[in-house]
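Summary of structural features
So the chains spell out like this:
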Amino acid sequence: MGLSRTSSNDSVQSRDLVVIALLAIGYRLLCASVIADHPLFQFPIIDAGYHDGWAKRIVAGDILGHGPDDVFKPALYAYWLAGGYALFGQNIFCIQWVQYSMGILSCILAAILSARLLGRRAGFFSGVLSALYAPYIFFESQLLTPALSIALNLSAMLFLVGSRSRPANTRFLFGGILLGLSAGVRPDVLLPAGLVAVYLSVEGKKRALRGTAGRTVFLAAGIAAVLLPVTIRNYVLTTEIIPVSSNAGINLYSGNHLSADGISAIPVGLKWERLVSRVPQDILEKPGKASQWWIRRALGDMSENYNRALSRMVKKGLAFFNRREFRNNICFHFMQESAWPMRYPFLQFGIILPLSFCGLIGMAKKRDRQVRFAFNLCLLWIVGYLLVGVVFFVNSRFRIPVVPFLMIPAGWALKRLADDVSARDWRSVGYRMAWFLMAGLISWPMWFGKPQHDWVRDYVNLGNAYQFNRQTEDAENAYRNALEVTSDPDAHYLLAKSLFARKQVAQALHHIQAALARMPESPDILMLAAQISLVNHNQQKAGAFLRRLIELSQDSNLWPKRAQWATAHIMLANLEPSEAGSHWKQAWLVDPVTAAEASFLARKDMSRVLQTFQTESESKPWDWYAQANYGMALIETRQVHQALAPLARASELAPQKTGLRFQLARAHHMAGNAREAKAILVELLQVLPKGPMRNHVAALYARLFSN
């Protein structure tokens, strides 16, 4: 194969790949059996929830996207996930196993790549390490990008490394296409990929390979072939040139503002809403300009205190090599508490990093050209991602694409250790163990404190997942667990919201007051405080909260929270009858849809309501809620025949919403379609469990078809 060893040594044998595949499959089966019912894996949250909702919209027909929000994150994973939903249905379990399959493939690819670089035995060890690496399964179990990006990166590198033995422009072209796809999933791959491409070009000239410049052009062409259509799509949606996504600016700010710790990603929940409220709406509507706005803010904060910015970068560099998995959406260490297969003795970063360190030290000492090539390749990939982490921030999801290129020297280290033990070279074994312990000390997790100190967000996420599954008591317990860690405004607010829904007004009042004390400018908290005050018959206090919410628009951008803004005006219209006309006028100006929903419930301005809902349904044909609103408004205005289409579309888009099928049956009956109405009601009676919804269906069936 053109390397400095025989073909029997630089390719993994079939039996090795079978062993690696079986280990990878067995470990994933074990993990899947333990986490199958865990709510954080079954109900997507934060980024996973974002991907889930986006993919569902694509499947429902919103293929291109509908505005600036759809260029904030890279789009290719959402399209890939939509393809999975189209093939297997919107089933999280099926998608998890698709991603597990990609993880198994990545273990095999890692073994093949390592064998081509360092020999069969090193490849086998790299594959085994990959197969039993716990963080891989952690991310493969979520609707997140690592499973796809790692498989694409390894495939691309196999093409590029293969070009050394069989120089061909097509290998660089296909490698570029794969890297372009990877960049469309996670654009931070472009820096390490660029460093590797430059090295291959220089290394090719040293080996007197002809056409090196041409192959570099083919590599760039492959990347451009993927990213150019993505850029065109983004331009169509925003009229701005955005090559992949627009979240680079806020990511830079998150890792470099004055109070940043360098290991925390973009905030979520109420803190995210507060962050967005700082951006003027005219900038927020232009994602490219918004990204530049955040970049200027980040650079301004960094220039304000250069020493602090430099120390933060050093901290990020140390965090990159720390064995702790810094949380992104879900903390890996939080999940270890309930998923024992993700704990030791199964492999963690704290084992892979010291092994890799030993391997890199040994490879650097070797004069063998092939070993030095592998060393340079792995080192450049690691340095590329290290630079990305130092510039932005470090967490486990952003670091994991570098792990396959740590597995390569780690596999070589194990191979060398096995050779030393076989030869009884205990001195060399001692040296390797010393390097291993030194790397272990550098990566000691306690340099950054215990991960339990950051679990407040995980308990909040767990509570939200329980709420999604209507497990209210479990959700409230999770929020209380979060408050035992620290007095978090999100936990107080969500617990107050849940208690208020269960008529536990006194407890809800206590927690909403605590939330207000910590975040008095939150529209969500102010709105809930007003609602609780009304139930307590304190209209004066409720009005004060609502007016304070409206006053926020003078100092911050309330447009992202326009539903609460408009609702505040509507509630004040009831509290201040003399100003009702003015408040309703403002509500319609701020958010016509919210005003239309309130007017529909009050059975007022129905012509305006109908027009608003029609416009919304036409602009969002993929949104079941918009279709349902329009259908219900048509029924209310006695246009039942026209209501059938939007209600049918709504029930098709959200089949789990059985209430939509019930309303469709009502519409069919009112339109004189007795057979269709009866068929829907019979179907609902067969599938609905005992409860209020089934009682409504049974009552309607008895009233309509009792004879």
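Counting of residues starts from 1 at the beginning of each chain's written sequence and follows it residue by residue. A pLDDT threshold of at least 70 governs which residues receive local features in this predicted model, and a stricter bar of 80 or more applies before side-chain atom pairs are shown or counted, although totals over entire chains, interfaces and linings include all residues. Heavy atoms throughout the structure, all of them, feed into the side-chain values; hydrogens and water do not.

Turning our attention to the overall build of the protein chain. For helices the rule is a DSSP run of H or I covering at least 4 residues; for strands it is a run of E covering at least 2, with both sets numbered from the N terminus onward. If you tally the helices and strands in the protein chain, you get 37 helices and zero strands. Radius of gyration means the value over C-alpha atoms here, while the globule rule gives 2.2 Å times the residue count to the 0.38 power. Against the 2.2 N^0.38 benchmark of 27 Å for 707 residues, the protein chain shows a C-alpha radius of gyration of 29 Å, consistent with a compact globule. Principal-axis analysis of the C-alpha atoms places the extent of the protein chain at approximately 90 × 60 × 45 Å. The buried share among the 707 residues of the protein chain stands at 53%. Contacts in the protein chain between residues at least 24 apart in sequence constitute 69% of all its contacts with a sequence separation of at least 6. If you sum the accessible surface of the protein chain, you get close to 31300 Å²; carbon and sulfur atoms cover 58% of it. Relative accessibility decides the category of a residue: with a 1.4 Å probe and only protein chains considered, values under 20% of the type maximum give buried, values over 50% give exposed, and everything between is partly exposed. Contacts are assigned to residue pairs with any non-hydrogen atoms lying within 4.5 Å of each other. The accessible surface values rely on the Shrake-Rupley method and a 1.4 Å probe; as for residues, cover is taken only from the protein chains in view.

Our next topic: helix 24 (residues 472-485). Each full turn of the α-helix corresponds to 3.6 residues, which orients residues three or four apart in the same direction. Expected helix span is computed as 1.5 Å times (number of residues minus one). Spanning 14 residues, helix 24 covers 20 Å between terminal C-alpha atoms, matching the ideal 20 Å at 1.5 Å per step. Taken together, the buried residues of helix 24 touch helix 23 (456-468), helix 25 (489-501) and helix 26 (505-518).

Criterion for a disulfide: a pair of cysteine sulfur atoms at a distance within 2.5 Å. Under the defined criterion, the tally for this structure stands at zero disulfides. This cysteine, C107, is not joined by any disulfide, and C31 carries the nearest cysteine sulfur, 12 Å off. C107 gets classed as buried once you look at its relative accessible area, which sits at 1%. Unpaired in terms of disulfides, C358 finds its nearest cysteine sulfur in C378, a separation of 15 Å.

With an omega of 15°, the peptide bond between Y344 and P345 qualifies as cis. In this fold, P345 is placed in the loop between helix 17 (332-336) and helix 18 (349-365). Of note in the backbone geometry, R424 takes a positive phi value of approximately 55° without being a glycine. Take R424: it is sitting in the loop between helix 21 (404-422) and helix 22 (426-442). What makes R424 exposed here is its relative accessible area of 63%.

Here we take up the packing of aromatic side chains. What counts as a ring pair is set by centres within 6.5 Å for rings of Phe, Tyr and Trp (its six-membered ring), and what kind of pair is set by the plane angle: stacked under 30 degrees, edge-to-face over 60, tilted for all other angles. Within this structure, the stated rule accounts for 24 aromatic pairs. Between the aromatic rings of F320 and F321, the centroid separation amounts to 5.1 Å while the plane-to-plane angle is 80°, which identifies the pairing as edge-to-face. With relative accessibility at 4%, the residue F320 sits in the buried group. Through pairs of rings, three or more aromatic residues link up here, namely F41, F138, F139 and F332. Note that R186 overlies the ring of F398, its terminal NZ or CZ placed 4.2 Å from the centroid. Lying across the ring of F349, R399 places its NZ or CZ 3.7 Å from the centre. Geometrically, a lysine NZ or arginine CZ counts as sitting over a ring once it is within 6 Å of the ring centre and also within 35 degrees of the ring normal.

Every angle, taken between N-to-C directions, lies between 0 and 180 degrees, and every axis is a line fitted to C-alpha atoms, over only the stretch in contact when it is a helix. Close contact between helix 36 (residues 674-687) and helix 37 (residues 692-705) brings their axes to 10 Å; oriented N to C, the two are set at 145°. Helix 37 is crossed by helix 36, and the crossing has left-handed handedness. Contacts from A674, A677, K678, L681, V682, L684 and L685 in helix 36 reach R694, V697, A698, L700, Y701, L704 and F705 in helix 37. Looking at the contact of helix 36 with helix 37 residue by residue, the classes come out as twelve nonpolar, no polar and two charged. Each crossing gets its handedness from the near helix: less than a right angle anticlockwise from the far helix is left-handed, clockwise is right-handed. Each residue gets one of three labels, nonpolar for Ala, Val, Leu, Ile, Met, Phe, Trp, Tyr, Cys and Pro, charged for Asp, Glu, Lys and Arg, and polar for the others, Gly among them.

Below, the discussion takes up the packing of helix 8 (residues 146-162) against helix 19 (residues 369-391). Closest axis-to-axis distance for the helix 8/helix 19 pair is 13 Å, and the angle between their directions is 145°. Where helix 8 crosses over helix 19, the handedness of that crossing is right-handed. Contacts from N153, M157 and V161 in helix 8 reach F373, L377, W381 and Y385 in helix 19. Considered class by class, the residues forming the contact of helix 8 with helix 19 number six nonpolar, one polar and no charged.

Here we come to the environment of V429. With respect to the helices and strands, the residue V429 is situated in helix 22. Spatially, the C-alpha atom of V429 lies 52 Å from that of V71, the residues being 358 residues apart in sequence. Leave out the neighbours within four places in its chain, and V429 touches L417, D420 and V421.

Time to look at the environment of R308. Note that R308 resides in helix 16 (residues 306-320). Residue R308 is classed as partly exposed on the basis of its relative accessible area, which comes to 42%. The spacing of R308 and N256 is 52 residues in sequence and 9.7 Å in space, taken between C-alpha atoms. Ignoring any residue separated from it by four or fewer positions in sequence, one finds R308 in contact with L258 and S259.

With respect to the secondary-structure elements, S141 resides in the loop between helix 7 (134-140) and helix 8. Discounting residues that sit within four places of it in the chain, S141 has contacts with I35, F41, Q96 and Y100.

This paragraph deals with the confidence of the model for the protein chain. When pLDDT is averaged along the protein chain, the result is 89; 96% of the residues meet or exceed 70. Per residue, pLDDT measures the predictor's confidence, with a range of 0 to 100. Contacts from residues 1-8, a stretch scored under 50 in pLDDT, to residues over four places away or in other chains number 18 contacts.

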